[in-house]
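As a plain string of letters, each chain reads:
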Amino acid sequence: MLIQCICAFLSTVGYCFIFNIPRRHLIPASFVGAAGWALYQYLTAQGESKIAACFAAACLVTALAELFSRICKDAAILFSIPGILPIVPGAGMYNTMRAFLARDLEQTAAVGYETILMAASIAVGLLVVSSLLRIVTA
């Protein structure tokens, strides 16, 4: 799990370079990505569904992004977008398309349904925590 967290950290660093995140935010944004991935991996290892794990990881990413935005006095999106990258269900999207191209409609539906729910849980996690923090701090 440690190696996966390091890889999540490094992949987030690479994403930050590609999309010109300010260099002073590289470490905090990458930490957010690694923390989200670590929580996702921990929850799936404990038997939680991928959907619930994505939701919890997205909630953590949003909370950490808001925290770092206040510490660094910059927009939270600079931390949340790179931080969410490791938990985006890219493999699910790939496997859905692969099953579709192989004309395996049953597999396409099964994997595609789970992938869509994972993506939706990420969006809802971002929305819920961000909204709650805006209500509490307003």
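From a predicted model like this one, the values you see are computed outputs, not experimental measurements.

A. How the structure looks around the state of the cysteines. Scanning all chains against the criterion turns up 0 disulfides. No disulfide involves C54; its sulfur sits 11 Å from that of C59, the nearest cysteine. Look at C54 and you get buried, because its relative accessible area is 0%.

B. How the structure looks around the packing of helix α2 (residues 26-45) against helix α4 (residues 77-84). Taken N-terminus to C-terminus, the directions of α2 and α4 make an angle of 40 degrees; their axes are 8 Å apart at the nearest point. Classified by the angle between their axes, α2 and α4 sit oblique to one another. Where α2 crosses over α4, the two elements pack in a sense that is right-handed. Within the contact between the two elements, α2 uses P28, A29, V32 and G33 and α4 uses L78, F79, P82 and G83. In terms of residue class, the contact of α2 with α4 is built from 6 nonpolar, 2 polar and no charged.

C. A look at the packing of aromatic side chains. Within the structure shown, the criterion is met by 4 aromatic pairs. Seen in terms of ring centroids, Y15 and F19 are 4.6 Å apart; in terms of plane orientation they differ by 40 degrees. Their pairing is tilted. An aromatic cluster is built from F31, F68 and F79, whose rings are joined through pairwise contacts.

D. Molecular detail of the packing of α2 against helix α3 (residues 50-72). Look at α2 against α3: their axes get within 8 Å of each other, and the N-to-C directions meet at 155 degrees. Viewed along their axes, α2 and α3 adopt a mutual orientation that is roughly antiparallel. Between α2 and α3 lies a crossing whose hand is right-handed. Contacts between α2 and α3 involve P28, F31, V32, A35, G36, L39, Y40, L43 and T44 on the former and, on the latter, K50, A53, C54, A56, A57, L60, V61, L64, A65, F68 and C72. Here the contact of α2 with α3 is built from residues that sort into 17 nonpolar, 2 polar and 1 charged.

E. Quick look at the environment of T137. With respect to the helices and strands, the residue T137 is situated in helix α6 (residues 105-137). Residue T137 is classed as partly exposed on the basis of its relative accessible area, which comes to 48%. Between the C-alpha atoms of T137 and I81, which are 56 residues apart in sequence, the distance is 22 Å. A polar side-chain atom of T137 sits 2.6 Å from the main-chain carbonyl oxygen of L133.

The rules behind the values
Residues numbered from 1 in each chain as written. Predicted model: local features only at pLDDT ≥ 70, side-chain atom pairs only at ≥ 80, totals over all residues. Heavy atoms only, no water. Disulfide = S-S within 2.5 Å. Buried < 20%, exposed > 50% of the residue type's maximum accessible area, 1.4 Å probe, protein only. Axes fitted to C-alpha atoms, helices over the stretch in contact; angles between N-to-C directions. Helix = DSSP H or I, 4+ residues; strand = E, 2+ residues; numbered from the N terminus. Parallel < 35°, antiparallel > 145°, perpendicular 65-115°, else oblique. Left-handed = near helix turned anticlockwise from the far one by under 90°. Contact = heavy atoms within 4.5 Å. Nonpolar A, V, L, I, M, F, W, Y, C, P; charged D, E, K, R; others polar. Phe/Tyr/Trp six-rings, centres within 6.5 Å; stacked < 30°, edge-to-face > 60°. Polar contact = N/O pair within 3.5 Å; in protein donor to acceptor, adjacent residues only side chain to side chain.

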